[in-house]
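# Reading the structure
For reference, the chains in residue letters:
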Amino acid sequence: MVGSHDIGKWLGALALGVLIGACGVAVSASPPRSPQNASAVSYRTNELGMEFVTISPGEFQMGCSEGAKPNECSRDEKPRHGVQITKAFEVGKTEVTQKQWQAVMGSNPSASKGDDLPVEQVTFQQAHEFLNKLNARNDGYLYRLPTEAEWEYAARAGTTDQYAGSLHDMAWYNDGQAAARGSGAFQNENSPVGLLVPKAHPVATKSPNAWGIYDMRGNVAERVEDFYDGNYYSNSPAADPKGPATGEGHVVRGGSFRVYPWLTRVSLRTNFPEGYEFEDLGFRVAREKR
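Below is a summary of the structure that appears in this document. Since we're looking at a predicted model, the values are computed, not measured.

### So, the overall build of the protein chain
Along its length, the protein chain carries six helices and 13 strands. Residues counted as buried form 51% of the 290 residues belonging to the protein chain. Looking at the protein chain alone, contacts between residues at least 24 apart form 74% of all its contacts between residues at least 6 apart. About 12,600 Å² of surface is accessible on the protein chain, with carbon and sulfur atoms providing 51% of the total.

### Thoughts on the packing of aromatic side chains
A complete count under the given rule lists nine aromatic pairs for this structure. Centroid distance W101 to F283: 6.1 Å. Interplanar angle 80 degrees. Geometry classified as edge-to-face. In this pair, W101 sits in helix α2 (residues 98-105) while F283 sits in strand β12 (residues 281-283), placing the two residues 182 residues apart along the sequence. F283 gets classed as buried once you look at its relative accessible area, which sits at 1%. On the numbers, 5.4 Å between centres and 15 degrees between planes, the contact of Y260 with W262 is stacked. Y260 sits in the partly exposed class, given a relative accessible area of 38%. Among the aromatic side chains, those forming a connected cluster through ring pairs are F60, Y153 and W211. K206 extends its terminal NZ or CZ atom over the ring of W172, reaching a point 4.4 Å from the ring centre.

### Quick look at the nonpolar core
Core analysis: the largest hydrophobic core is formed by 25 residues, its most contacted members being I55, I85, F89, V91, Y153 and I213. Mapped onto this core, the elements with two or more residues apiece are β2 (51-55), β3 (58-62), β4 (81-85), β5 (89-92) and α4 (148-156). For this core, the element with the most residues is α4, which contributes five residues. If we ignore the near neighbours within four places in the chain, the residues touching F89 are V53, T54, I55, R144, E150, Y153, A286 and R287. Membership of the second largest hydrophobic core comes to 18 residues, among which are F124, Y141, Y143 and L145.

### A look at the pattern of salt bridges
Inspection of the entire model under this criterion finds 13 salt bridges. As a salt-bridge pair, E90 and R44 come within 3.5 Å of each other at their nearest N and O atoms. In this pair, E90 sits in strand β5 while R44 sits in strand β1 (residues 44-45), placing the two residues 46 residues apart along the sequence. Using a relative accessible area of 6% as the deciding quantity, one classes E90 as buried. On the basis of relative accessible area, R44 is assigned to the partly exposed category, the value being 41%. Across the salt bridge formed by E288 and R144, the nearest N and O atoms sit 2.9 Å from each other. Of this pair, E288 sits in strand β13 (residues 286-289) while R144 sits in strand β6 (residues 141-144); the two residues are 144 residues apart in sequence, bridging distant segments of the chain. Three or more residues are tied together by salt bridges with common partners; here these are E148, E152, R156, R253 and R269.

### Digging into α4
With nine of nine residues buried, α4 lies mostly within the body of the structure. Regarding α4, the residues found buried are E148, A149, E150, W151, E152, Y153, A154, A155 and R156. A157 occupies a position one or two residues after α4 and carries a positive phi of about 50 degrees.

### Structural notes on the state of the cysteines
Tallied over the entire structure, the rule returns one disulfide. The disulfide partner of C64 is C73, and the gap between their sulfur atoms is 2.1 Å. Across the S-S bond of C64 and C73 the torsion is about 90 degrees, and the bridge reads as right-handed. Overall, C64 belongs to the buried group, its relative accessible area being 0%.

### Overview of the side chain of R80
Examined against the element boundaries, R80 turns out to sit in the loop between β3 and β4. Within the buried core, R80 has no salt-bridge partner, and the shortest N-O distance to an opposite charge, that of E66, equals 5.1 Å.

### Side note on the sheet that holds β2
Strand order in this open sheet of five strands is β1-β2-β5-β13-β6, and the pairing throughout is antiparallel. A strand with exactly one partner marks an edge of an open sheet, and here the two such strands are β1 and β6. Relative to β5, β2 runs antiparallel, the two being bridged by four bridges. When the sheet's bridge partners are listed, I55 is paired in β5 with F89. Where α4 meets the sheet, it contacts β2, β5 and β6, and its direction lies at approximately 70 degrees from that of β5.

### Observations regarding unusual backbone geometry
In the segment running from K78 into P79, the intervening peptide bond is cis, with an omega of -5 degrees. Positive phi, close to 50 degrees, is recorded for A157, a residue that is not glycine. Residue position: A157 is located in the loop between α4 and α5 (167-170). Accessibility expressed as a relative area gives 0% for A157, which makes it buried. Phi at D215 is positive, roughly 60 degrees, even though this residue is not glycine.

The rules behind these values
Residues numbered from 1 in each chain as written. Predicted model: local features only at pLDDT ≥ 70, side-chain atom pairs only at ≥ 80, totals over all residues. Heavy atoms only, no water. Helix = DSSP H or I, 4+ residues; strand = E, 2+ residues; numbered from the N terminus. Buried < 20%, exposed > 50% of the residue type's maximum accessible area, 1.4 Å probe, protein only. Contact = heavy atoms within 4.5 Å. Areas by Shrake-Rupley, 256 points an atom, 1.4 Å probe, with all protein chains shown as cover. Phe/Tyr/Trp six-rings, centres within 6.5 Å; stacked < 30°, edge-to-face > 60°. Lys NZ or Arg CZ within 6 Å of the ring centre and 35° of its normal. Core = buried A, V, L, I, M, F, W, Y, C linked by side-chain atoms within 4.5 Å. Salt bridge = Lys/Arg side-chain N within 4 Å of Asp/Glu carboxyl O. Disulfide = S-S within 2.5 Å. Lys, Arg positive; Asp, Glu negative; His and termini not counted. Pairing = 2+ DSSP bridges. Axes fitted to C-alpha atoms, helices over the stretch in contact; angles between N-to-C directions.

See below:
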């Protein structure tokens, strides 16, 4: 059961509140790569049936989106700055599913069970155990978590707006209507009769982004490899940033089914300790040729 304390902890980590100040001056960079036709995307599949999208090198503006008002970005999303992704990589078409996790790990820690649901309640260490087992299969690829910059580059998919496309069509989030219509929710047996609470959805049931990637925003929030530093953008290297060398927690991106829509904006950053697990926290895999 999810208690009010847990929900408060999640919302607190997302740094709610109105913050004053304008977005930082953007670092000059070449225009982002043009969006491709998602229907024409060719996916690569490994022997476990995990599908991947090839992401070409390019440049983009990372952080507080163009056109965002001062109170629509937190301090750690500023300054907006130019980032170069210099090497091609592949990223999961979807978040890691429970079926995929079960095939590799032989167990399922998720609160809401279902083969096509994203795996959740996974710690940072457990995600790395999954990756280690994938790498032990020696299929010619190095599997890892994406960096924070790679995640945002893939999530933006050549766009510059706050939601990288249609908010409603591309993301599962808490729209405040679940109790009224009984959609996208499950019955909480420990709550008063009739109270419905949001839950995760099967992956790839909303529209993909312009590069053919599903659920980059909403559904479950996604761990990335970087340590978190709220001031990192002020001194981040332009080429292939990997985050600070140390930190108390790792970055989490994308928002989840539990948060309100503005907390799924593509630039939003939060962080959790390595050992933290929750039913709206999962991950997505990146890989590159060895």
